[in-house]
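# Topology and contacts: notes
Each chain is listed here by its residues.
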Protein chains: 2
Amino acid sequence: MHIAIIGGSDAGISAALRAREVDGSAEITVFLADGFANYSICGSPFYLSGATPNWRDLAHRTEFGNISLQTDHIVRGIDIPEGNLLVEHGGVRRTVSYDRLVIATGATPARPPIEGLNLPGVFALHTMNDSFRVQQYVTESNPKTAIIIGAGYLGMEMADAFTRRGINASLIGRGQTVFPSVDPELGIVIEHELARSGVNVVNGTEARAISRSSSGAAVKTSTGRTLTASFAILTVGVTPASTLAKDARIALGPDGAIAVDRRMRTAAPNIYAAGDCAQTWDRLLEHYAYLPLGTTSHKQGRVAGENAAGGNREFAGSVRIQVVKIFDLAVGRTGLTEAEALRAGFDAMASGGTFLDHKAYYPGVRELQIRITGDPSTGRLLGHK
Amino acid sequence: MHIAIIGGSDAGISAALRAREVDGSAEITVFLADGFANYSICGSPFYLSGATPNWRDLAHRTEFGNISLQTDHIVRGIDIPEGNLLVEHGGVRRTVSYDRLVIATGATPARPPIEGLNLPGVFALHTMNDSFRVQQYVTESNPKTAIIIGAGYLGMEMADAFTRRGINASLIGRGQTVFPSVDPELGIVIEHELARSGVNVVNGTEARAISRSSSGAAVKTSTGRTLTASFAILTVGVTPASTLAKDARIALGPDGAIAVDRRMRTAAPNIYAAGDCAQTWDRLLEHYAYLPLGTTSHKQGRVAGENAAGGNREFAGSVRIQVVKIFDLAVGRTGLTEAEALRAGFDAMASGGTFLDHKAYYPGVRELQIRITGDPSTGRLLGHK
């Protein structure tokens, strides 16, 4: 029994470790495109901010027991009828047979239609090598200003990270407020924290074109403004890395992610998929969606690994939990925002306010901003931020 | 419509406020035995430790809107057929009629069979006046040592409070470890924190007799030891203050608490009970039990108040959540301990370990000791600490 796993980040390594627990005798091989097995890409902003000075600390683990880790091995093709992978290493290709396969190829940074994304001084951030490129640039060039394109959690984290390194950051988002994963009422609270810390927030705007200017990068926006800074970084989200699966004619969902069931089975025999390359069961809306997130990848990987090793586990699904810390503000969400609930067809309303984290008489009390989303006709709680 | 409420702590005030919300026109009267409406008795240890220097800050609120608060009014009797209360104020008794009645008389400190509980230098702690007595004694007599009888959450909090005031505390408990509300494996973790802070813990021991000695109080224990200290304080738990209900022939449970259903109705017409004087629906074991706790009182009070005002709300029940902070250690529990689960007939087992509160690479990581209790035959999670 040979369980092959393509990808060595959260989903791939979780699948390998769980398969090892379930079947002590199977041969388990993980093919990694780079040399960084089980590194936390969620931790990159903290490496770049200086909070985690040593990038090696970003490894979730460094011991993998009786699992074969093949670093710098790129899988070029899947031959489903033969049960083979075409694997390339050091320019040499060979065929590797599998009995069960877990595809955990992750995601790649989305590349919206912006001119100039390939210019020098324009970065994306997803792999460890991406992190090293940004680190090297910031360390060597000592830039004074940055434009961050995309005001989701990664964009906000990078605004935080750059600010801590003395770089003046502008954060461009297309939403009404930053972090559209929460209601705008809470987005404004985050914006106050960003502004207090010196971040320049530009909402309701999309980047259209990037060019080189004397000072570095010039970003032209949909509102006709041009922002200039030493460099620009793209943080507009990710798209599933599903080309390998697509080329093997494994069915994808409408969002381009590999179609899976709750056992993380793809439409192809003996092939599972997990993590940012695959669809996720949305427990609230009861359908499959593309909800890439590290914690989900980890759980899906465990399910895929268990089932690849002969188990029969179901992934419980995502309730869209996200947590992010921006300067001194911790932000969490679960369930649906008001806008998401309305889009999903709920007769939703949201309400919120400012509360204390514990009784006022006990020292150290802090204010919490809380909003809940519900369906007034049924009393169902839909979301909480 | 006159809604009368006996008791002005968590349950009574919650009942009054909720009844006010539901019925804007009813007359609502709260009879309080003392002058401290809606004070947090849970906050007493923090007043006595000095963390909350001003006792007035212990009031959950000081504005009660259109509710009549009758302080220093002691209800001496309930005439159910006539729908009357016999109320005493300043030595004068009068009759007050009610349409609906909420009994929220709370609890009194348990008085185990220990000789000498009435001696000077022996304190209990439940009301604001109890707190003032202890505060006055500690402030005026400047004691150096204390014996705390009872190692539950209040005993541990008082050990913390006295230590912060420079009083050397001994904590006597009859369990295998302190705080039997958690598994002994976690009790030991708390004991390390207590010992580190200078508290002398004596387990497996009950106090038998207290006498006056030259140095203050001498406590003789069931193991034959005699401990001496400047004073002693009794923190062995509470018993329901249900005498008034019992005298009115309102049915009590086997534990002496007023029998209620999940609508907080007593067996008597138009009479509700809530809080530490009443039984609590145990959501896990699906029976009524005596589980006195401030947060439960608050919720039960809301249900009783809503129903007294014509509503039809059910109390969801308690899952036995408790949280306590001892020096630098925060302790929480929910569900059942292993011992509680075994007593309840579950085929239970518990397991635990030491975990990190967040990813190790991010600064400020702290260790968490976690134990879960489950039923291996069904996979049901029974408890979490």
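Data block above holds the structure.
Structure report, in brief. The structure presented is a predicted model; accordingly, all values stated were derived computationally and were not measured.

This next bit is on the overall build of chain A. Secondary structure assignment for chain A yields 8 helices and 25 strands. The buried share of chain A, taken over its 385 residues, is 51%. Accessible surface, chain A as shown: approximately 17500 Å² in total, 49% of it carbon and sulfur. Taken as two groups, the 37 positive and 37 negative side-chain charges of chain A have centres that lie 2 Å from each other.

Below, the discussion takes up the pairing of strand β16 (residues 231-234) of chain A. Residue and element names in this part refer to chain A. Covered by surrounding structure in β16 are F231 and I233 together with A232 and L234, the residues of both alternating faces. Alignment of strand β9 (residues 122-124) against β16, held across 3 bridges, turns out to be parallel. Considered in β16, the bridge of V122 is made with A232. Both strand β10 (residues 145-149) and β16 contribute to a ladder of 4 bridges, which runs parallel. Bridge pairing links I149 to L234 in β16.

Residues and elements named next belong to chain B. Mapped onto the fold, T235 is located in the loop between β16 (231-234) and β17 (238-240). Within the structure, the side chain of T235 is placed 2.8 Å from the backbone oxygen of G150, a separation counted as a polar contact. Residues within four places of T235 in sequence aside, it is in contact with I148, I149, G150, L154, G155 and M158.

A word on the pattern of salt bridges. All names here are of chain B. Tallied over the full model, the rule gives 38 salt bridges over all chains. Salt-bridge contacts for D183 lead to R371; the nearest nitrogen and oxygen are separated by 3.0 Å. In this pair, D183 sits in the loop between β11 (168-172) and α5 (184-196) while R371 sits in strand β24 (residues 367-375), placing the two residues 188 residues apart along the sequence. By relative accessible area, D183 is classed as buried at 2%.

Attention shifts here to the relation of the copies chain B and chain A. Laying chain B over chain A is done by rotating through 180 degrees and shifting 0.0 Å along the axis; what remains is an RMSD of 0.0 Å. Given the turn and translation reported, the copies of this chain are related as if by a two-fold rotation axis. The residues that chain B uses at the interface reappear at the interface of chain A in 100% of cases, marking a shared surface.

What follows concerns the interface of chain B and chain A. In this complex, chain B contributes 14 residues to the contact, which on the side of chain A involves 14 residues. Buried surface at the junction of chain B and chain A, summed over both partners, amounts to about 1100 Å²; 62% is from carbon and sulfur atoms. Counting across the chain B and chain A interface gives 0 salt bridges. Across the chain B-chain A interface, the total number found is 10 residue pairs in polar contact (both at pLDDT 80 or more). Across the side of chain B that touches chain A, the residue classes tally to 7 nonpolar, 4 polar and 3 charged.

A few words on helix α1 (residues 10-22) of chain A. All names here are of chain A. With 13 residues, α1 should reach 18 Å at 1.5 Å per residue; the first-to-last C-alpha distance of 18 Å fits that figure. Most of α1 sits out of view: 10 of its 13 residues are buried. Those residues of α1 not exposed but buried are D10, A11, G12, I13, S14, A15, A16, R18, A19 and R20.

Parameters and conventions
- Residues numbered from 1 in each chain as written.
- Chains lettered and ligands numbered in written order.
- Predicted model: local features only at pLDDT ≥ 70, side-chain atom pairs only at ≥ 80, totals over all residues.
- Heavy atoms only, no water.
- Helix = DSSP H or I, 4+ residues; strand = E, 2+ residues; numbered from the N terminus.
- Buried < 20%, exposed > 50% of the residue type's maximum accessible area, 1.4 Å probe, protein only.
- Areas by Shrake-Rupley, 256 points an atom, 1.4 Å probe, with all protein chains shown as cover.
- Lys, Arg positive; Asp, Glu negative; His and termini not counted.
- Charge placed at Lys NZ, Arg CZ, Asp CG, Glu CD.
- Pairing = 2+ DSSP bridges.
- Polar contact = N/O pair within 3.5 Å; in protein donor to acceptor, adjacent residues only side chain to side chain.
- Contact = heavy atoms within 4.5 Å.
- Salt bridge = Lys/Arg side-chain N within 4 Å of Asp/Glu carboxyl O.
- Least-squares fit on C-alpha atoms with pLDDT ≥ 70 in both.
- Buried area = accessible area lost by both parts, 1.4 Å probe.
- Nonpolar A, V, L, I, M, F, W, Y, C, P; charged D, E, K, R; others polar.
- Expected span 1.5 Å × (residues − 1).

Geometric values such as these leave the question of function open.
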